[in-house]
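# Close look at the chain arrangement
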Amino acid sequence: MFIGLDLGTSSLKAILMDASQTIIAEHVVPLSVQRPQDGWSEQDPQSWCDAAMTALAALAARADCSAVRGIGLSGHMHGATLIGTDDRPVRPCILWNDTRSHQEAAAMDADPAFRAVTGNIVFPGFTAPKVEWVRTAEPEIFAITAKILLPKDYLRLFLTGEYGSEMSDAAGTAWFDTGARDWSDDLLAACHLTRNHMPRLVEGSSPSGRLRADIANEMGLPPAIVAGGAGDNAAAAMGAGVVGEGSAFLSLGTSGVLFAANDGYRPDPESAVHTFCHACPGTWHQMGVILAATDALEWLARLTGQSAAALTQDLGPVTAPGKTLFLPYLGGERTPHNDATIRGQFLHLDHATDARAAARAVLQGVSYAFADSKSALAQTGTTLTRALVLGGGAKSDHWVHMLASTLNIALDVPKDGDFGAALGAARLGMMAATGAGTEIATQPPLARTIDPDPKLAQALRAGHARYQHSYAVLKDL
């Protein structure tokens, strides 16, 4: 059997999977985020360890875990977990959605070496600018920092006693040579760091250590192999079987992701597409990232006093877009704009605009944002014709139809089941423990495929052009 641990921002999820990849048991432990100042987002790393122990105990209470051979880890990316020589955190972890280091990020991005080596823009959410902020704002903390770990890798240290990371997560730090799949000594030196501050690297499907004997004995587990694992999106791709060239998924979560697997390294930082290593050797992936997907719908729900489900349940068939227009930049945007200061807008409101019209406009605005990401991916040479659609927003049949027609691609809707990062982590644990290859990362069975409606193509292209023009005007205000 195999365990997958997915460390999310709001919860840690654990699953127990047998050799046929049937999920035997699962457990979720909630986590909290602290926001001590506007734009700050932090988490106590000890809460991750406590949550992991709670989740492992829950799995052991529901099934015999004595045959567990491998454990895989997934986690939210970019977090800066600074630890001292005693392996304890010297401050709370600065999370991926913390924006305090925007000036440091801009300064790094102005150095051409960062884009040339990493293949990415240095975004404020990445790890390196956060640590640079600590160096200048909290020099006494920086001085006692012995290691810098990503969130799931601090959990690895707790579980195994090993300093380790893997390529997919490390690629989101801005210290990583993404093409060479290794730390960049030059970029580390530019940030007053050395390789000694970094964990050793393994591939996501390779062993990184074994479960500590004391934890194994307490939980009724053997000293199972712990795999390198993956960052959350790469792990989700493993769970969805999006590994080979040409495969893709569209995730309608709080944020939105258009993820494409690649057999080669194809960076294009100017597009604001994220180009990272995948979880398996010799593979990479690209992502267009939208900061507010279902989050935009939840915002409208709070504004109207209706639930998101109520707003979307009676929208009927997808029709040509109305005149009301929504730009979903509630907290800035990544792909393709790389604009942390831009904010959302409702346009062309009138007396007839009701909650249903506003809901349609929000869904359409997010769909246009995905279309922008698809165009950015095309700029890198990645052309998509179909994708799996995942995430909570995929429960809206109206939205999935709208997306298929707006993006002009077929969207494959999986049957009910868990095909997310926890499953991907368990699969990586299985690969590390058994030597299995990527053939075990199969795509899920499909409930249906939704094709684009050619009758809507012209109207949606015109609507997308209005959307892009409105962004251009808003940017200049």
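Quick caveat, the model's predicted, so the values are computed rather than measured.

How each quantity is defined
- Residues numbered from 1 in each chain as written.
- Predicted model: local features only at pLDDT ≥ 70, side-chain atom pairs only at ≥ 80, totals over all residues.
- Heavy atoms only, no water.
- Helix = DSSP H or I, 4+ residues; strand = E, 2+ residues; numbered from the N terminus.
- Rg over C-alpha atoms; globule rule 2.2 N^0.38 Å.
- Buried < 20%, exposed > 50% of the residue type's maximum accessible area, 1.4 Å probe, protein only.
- Contact = heavy atoms within 4.5 Å.
- Areas by Shrake-Rupley, 256 points an atom, 1.4 Å probe, with all protein chains shown as cover.
- Lys, Arg positive; Asp, Glu negative; His and termini not counted.
- Charge placed at Lys NZ, Arg CZ, Asp CG, Glu CD.
- Salt bridge = Lys/Arg side-chain N within 4 Å of Asp/Glu carboxyl O.
- Pairing = 2+ DSSP bridges.
- Axes fitted to C-alpha atoms, helices over the stretch in contact; angles between N-to-C directions.
- Polar contact = N/O pair within 3.5 Å; in protein donor to acceptor, adjacent residues only side chain to side chain.
- Arc of directions from axis to C-beta.
- Parallel < 35°, antiparallel > 145°, perpendicular 65-115°, else oblique.
- Left-handed = near helix turned anticlockwise from the far one by under 90°.
- Nonpolar A, V, L, I, M, F, W, Y, C, P; charged D, E, K, R; others polar.
- Core = buried A, V, L, I, M, F, W, Y, C linked by side-chain atoms within 4.5 Å.

## Some points on the overall build of the protein chain
When its secondary structure is counted, the protein chain shows 16 helices and 24 strands. Taken against the 2.2 N^0.38 rule, which gives 23 Å for 477 residues, the C-alpha radius of gyration of the protein chain at 22 Å falls within 12% of a compact globule. In terms of overall dimensions, the protein chain has a C-alpha envelope of 65 × 50 × 45 Å along the principal axes. For the protein chain, the proportion of its 477 residues judged to be buried stands at 59%. In the protein chain, of all internal contacts separated by at least 6 residues, the share reaching a separation of at least 24 is 72%. For the protein chain, the exposed area adds up to about 17,800 Å²; of that, 52% sits on carbon and sulfur atoms. Between the averaged position of the 35 positive side-chain charges in the protein chain and that of its 49 negative side-chain charges there is a distance of 4 Å.

## With respect to unusual backbone geometry
The omega torsion across Thr335 and Pro336 is 0 degrees, close enough to zero to call that bond cis. Turning to its location among the elements, Pro336 is positioned in the loop between strand 20 (325-327) and strand 21 (345-347). Phi at Gln21 is positive, roughly 70 degrees, even though this residue is not glycine. Relative to the helices and strands, Gln21 is located in the loop between strand 2 (11-17) and strand 3 (23-30).

## Points about the pattern of salt bridges
Overall, the coordinates contain 21 salt bridges when judged by the stated rule. In this structure, the salt-bridge partner of Glu138 is Arg91, at a minimum N-O distance of 2.7 Å. Within this pair, whereas Glu138 is found in the loop between helix 4 (127-137) and helix 5 (139-143), its partner Arg91 is found in the loop between strand 6 (81-83) and strand 7 (93-94), the two being separated by 47 residues in sequence. Here the salt bridges share partners, and the residues they tie into one network are Glu42, Arg91, Asp98, Arg100 and Glu138.

## Concerning the sheet that holds strand 18 (residues 274-277)
Pairing in this open sheet of seven strands is mixed, and the strands run 18-19-17-16-22-23-24 from one edge to the other. Two strands bound the open sheet, and with one partner strand each, they are strand 18 and strand 24 (446-450). Pairs of neighbouring strands in the sheet enclose a mean axial angle of 25 degrees, with direction left out of account. Where strand 22 (residues 386-390) meets strand 23 (residues 410-414), three bridges bridge the pair, whose relative direction is parallel. Residue pairing across strands places Arg386 opposite Ala410, the latter belonging to strand 23.

## Examining the environment of Trp183
Relative to the helices and strands, Trp183 is located in strand 11 (residues 182-183). Trp183 sits 66 residues away from Phe249 along the chain, and the two C-alpha atoms are 28 Å apart. Beyond its immediate stretch of four places on either side in the chain, Trp183 contacts Ala170, Thr173, Trp175, Phe176, Asp177, Leu188, Arg195, Met198, Pro199 and Leu201. A distance of 3.0 Å separates a polar atom in the side chain of Trp183 from the backbone oxygen of Pro199.

## Let's talk about helix 11 (residues 294-304)
All buried positions along helix 11 are accounted for by Thr294, Ala296, Leu297, Leu300 and Ala301. Around the axis of helix 11, the buried residues are gathered within 155 degrees of arc, so they sit on the same side. Exposed positions of helix 11 whose direction lies more than 90 degrees from the buried face are Arg302 and Leu303. The inward-facing, buried residues of helix 11 contact strand 16 (248-252), helix 12 (308-312), strand 20, strand 21, helix 13 (355-379) and helix 14 (397-407). Directly beyond the C-terminal end of helix 11, a positive phi value near 80 degrees is found at Gly305.

## Overview of the packing of helix 11 against helix 13
Look at helix 11 against helix 13: their axes get within 9 Å of each other, and the N-to-C directions meet at 160 degrees. Regarding the angle of helix 11 to helix 13, the classification is roughly antiparallel. Note that helix 11 runs across helix 13; the crossing there is right-handed. Residues Ala296, Leu297 and Leu300 of helix 11 touch helix 13, and the partners they reach there are Ala358, Ala359, Val362, Leu363 and Val366. Here the residues of the contact of helix 11 with helix 13 sort into eight nonpolar, no polar and no charged.

## Description of the packing of helix 13 against helix 16 (residues 457-475)
Where helix 13 meets helix 16, the axes come as close as 10 Å, and the angle between the chain directions of the two elements is 85 degrees. Of the possible angle classes, the one that applies to helix 13 and helix 16 is roughly perpendicular. Taken together, the residues of helix 16 that come into contact with helix 13 (itself represented by Gln364, Gly365, Tyr368, Ala369, Ala371 and Asp372) are Leu460, Gly463, His464, Tyr467 and Gln468. Grouping the amino acids of the contact of helix 13 with helix 16 by side-chain chemistry returns five nonpolar, five polar and one charged.

## Topic: the nonpolar core
In summary, soluble globular proteins display a tendency toward joint burial of nonpolar side chains. Leu250, Leu327, Phe370, Trp399, Leu403 and Leu411 are the most contacted members of the largest nonpolar core, which has 54 residues in total. No other element matches helix 13, which puts twelve residues into this core. The residues contacting Phe370, other than those within four sequence positions of it, are Leu250, Ser251, Leu252, Gly256, Val257, Leu258, Ile290, Leu403 and Leu407. Core analysis: the second largest hydrophobic core is formed by 47 residues, Ala171, Ala174, Ala236 and Cys277 among them.

## Some thoughts on the side chain of Ser208
Relative to the assigned elements, Ser208 resides in strand 13 (residues 207-210). Reaching out from Ser208, the side chain makes a polar contact with the backbone oxygen of Ala227 at a distance of 3.5 Å. In this structure, Ser208 is in contact with Arg156, Glu162, Arg200, Val202, Val226, Ala227 and Gly228, ignoring residues within four places of it in sequence.

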